[in-house]
Amino acid sequence: MTTAIEFTPETLSILNKERHVHPVPLVRRRLQALWLKSRGLPNQKIALLVGTCERTLRDYFQLYQQSGVEGLKNLYFCFG
């Protein structure tokens, strides 16, 4: 069973604004996914709209639940 995701009014304001203006496309996609989730859309529809698979979408949600909006903005690259 999936835990419900909570959104404060402040978080919703940040998601609504930065999903359009953040300079990194991946971060915009993450923010857009969470904003759509806050609007009550089902995961399958959100994945289709943001152009990702449902597994990646769940990763975005988990990242948000662990680290908030700032976690969505962090980018980690591994160069081997």
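Everything below is about the structure printed above this text.
Notes on the structure follow. Being a predicted model, the structure only gives us computed values, none of them experimental. (Residues numbered from 1 in each chain as written. Predicted model: local features only at pLDDT ≥ 70, side-chain atom pairs only at ≥ 80, totals over all residues. Heavy atoms only, no water.)

**Concerning the overall build of the protein chain**
Right, so step 1: Each helix and strand counted, the protein chain has four helices and zero strands in total.
Right, so step 2: Reading the helices (α) and strands (β) of the protein chain from amino to carboxyl end gives α-α-α-α.
Right, so step 3: What you see for the protein chain is a C-alpha radius of gyration of 12 Å, in line with the 12 Å of a compact globule of 80 residues.
Right, so step 4: Along the first, second and third principal axes, the C-alpha atoms of the protein chain reach 40 × 25 × 25 Å.
Right, so step 5: Here the analysis covers contacts within the protein chain between residues at least 6 apart in sequence; of these, 52% occur between residues at least 24 apart.
Right, so step 6: Accessible surface for the protein chain amounts to roughly 5,500 Å². Of this, 53% is attributable to carbon and sulfur atoms. (Helix = DSSP H or I, 4+ residues; strand = E, 2+ residues; numbered from the N terminus. Rg over C-alpha atoms; globule rule 2.2 N^0.38 Å. Contact = heavy atoms within 4.5 Å. Areas by Shrake-Rupley, 256 points an atom, 1.4 Å probe, with all protein chains shown as cover.)

**Describing the packing of aromatic side chains**
Right, so step 1: Enumeration over the complete set of coordinates arrives at one aromatic pair.
Right, so step 2: Relative to Tyr-64, the ring of Phe-7 has its centre 5.5 Å away and its plane inclined at 20 degrees; by these criteria the two rings are stacked. In this pair, Phe-7 is assigned in the segment before α1 (9-21) and Tyr-64 in helix α4 (residues 54-73), connecting sequence segments 57 residues apart. Pair check on accessibility: Phe-7 and Tyr-64 agree, each one buried.
Right, so step 3: Between Arg-19 and the ring centre of Trp-35, over which it is positioned, the NZ or CZ distance is 3.5 Å. (Phe/Tyr/Trp six-rings, centres within 6.5 Å; stacked < 30°, edge-to-face > 60°. Buried < 20%, exposed > 50% of the residue type's maximum accessible area, 1.4 Å probe, protein only. Lys NZ or Arg CZ within 6 Å of the ring centre and 35° of its normal.)

**Focus: the environment of His-20**
Right, so step 1: In this fold, His-20 is placed in helix α1.
Right, so step 2: C-alpha of His-20 to C-alpha of Leu-31: the two residues are eleven residues apart in sequence and 8.8 Å apart in space.

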